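Letter by letter, the chains look like this.
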Amino acid sequence: ASNISRPTMASIDKDKQLEYNLAVLKRRDAAITEVLKMAGHVVLYQFNEDSQSWDLKKVEGSLFVVARTTAPRHMFVVLNRLSSQNLVEAVTADFQMELNDQFLLYRNDASEIIGIWFYSPPERAEIAALLQSLAAQELGEDTGEEPDTSAPIEEPDAANAAALSPVDPAAEATPAV
């Protein structure tokens, strides 16, 4: 009996999928060198400060955390299934995010609070941990100091956040273009 581990069909398929996704991402941004992690399906919401409620953004699809050769060194990209407008966010030293039971929340460059709902809760936790690590790494490179994690994002009413979780994202109709 041989103790040599052989790749399974699932791991080969996953490797091929990552290779394909990297090629797609590189066509949009030649500076991308690697897919660090991906989530199969996410839906984005934006917190409306006037109405104190969440609005569905017209962005959903696969999310990729990528490494790049130029600044910003790390980004996350959502390849939008609803339009040709993909979401691209830099992960820099001042990237603020928070994880709750339903969403990964972050504040973008325009100071908007965005909630990312993940079809897979384990993917949400893995992506959040990676983004936090990358932001801390960026902060360490910028200042040589430890990151200040004592100032969380002001979280909107949790009842509003819980009410937004789509029950079955696949059941949502795609608007006609």
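Bear in mind the structure is a predicted one, so any value in this text is a computation, not a measurement.

Thresholds, definitions, all that
- Residues numbered from 1 in each chain as written.
- Predicted model: local features only at pLDDT ≥ 70, side-chain atom pairs only at ≥ 80, totals over all residues.
- Heavy atoms only, no water.
- Helix = DSSP H or I, 4+ residues; strand = E, 2+ residues; numbered from the N terminus.
- Core = buried A, V, L, I, M, F, W, Y, C linked by side-chain atoms within 4.5 Å.
- Buried < 20%, exposed > 50% of the residue type's maximum accessible area, 1.4 Å probe, protein only.
- Contact = heavy atoms within 4.5 Å.
- pLDDT = per-residue confidence, 0-100.

With that settled, the discussion passes to unusual backbone geometry. Glycine aside, the phi torsion of most residues is negative, and most peptide linkages are trans. The omega torsion of the bond from A71 to P72 falls at -10°, within 30 degrees of zero and hence cis. Take P72: it is sitting in the loop between β2 (53-68) and β3 (74-80). Despite not being glycine, Q52 has its phi angle at roughly 55°, a positive value. As for its placement among the helices and strands, Q52 is situated in the loop between β1 (32-48) and β2. A positive phi angle, near 65°, is found at S111, a position not held by glycine.

Another aspect to go through is the nonpolar core. Ranked by size, the top nonpolar core spans 23 residues in total, and within it L44, L63, F76, L104, Y106, I116 and L131 carry the most contacts. Taken together, the elements giving at least two residues each to this core come down to β1, β2, β3, β6 (103-107), β7 (113-118) and α2 (121-143). The element contributing the most residues to this core is α2, with 6 residues. In contact with L131, not counting residues within four places along its chain, are V65, F76, V91, F95, M97 and L104. Membership of the second largest hydrophobic core comes to 10 residues, among which are V24, L25, F64 and M75.

With 73% of its residues at a pLDDT of 70 or more, the protein shows a mean pLDDT of 81. Looking at the elements of the protein, mean pLDDT is at its lowest for helix α3 (residues 158-163), recorded as 46, and at its highest for β3, recorded as 97. With pLDDT under 50 throughout, residues 143-151 is counted as low confidence; its partners more than four residues away or in other chains account for 7 contacts. Contacts of residues 158-177 to residues separated by more than four positions or lying in other chains number 25 contacts, the stretch itself having pLDDT below 50.

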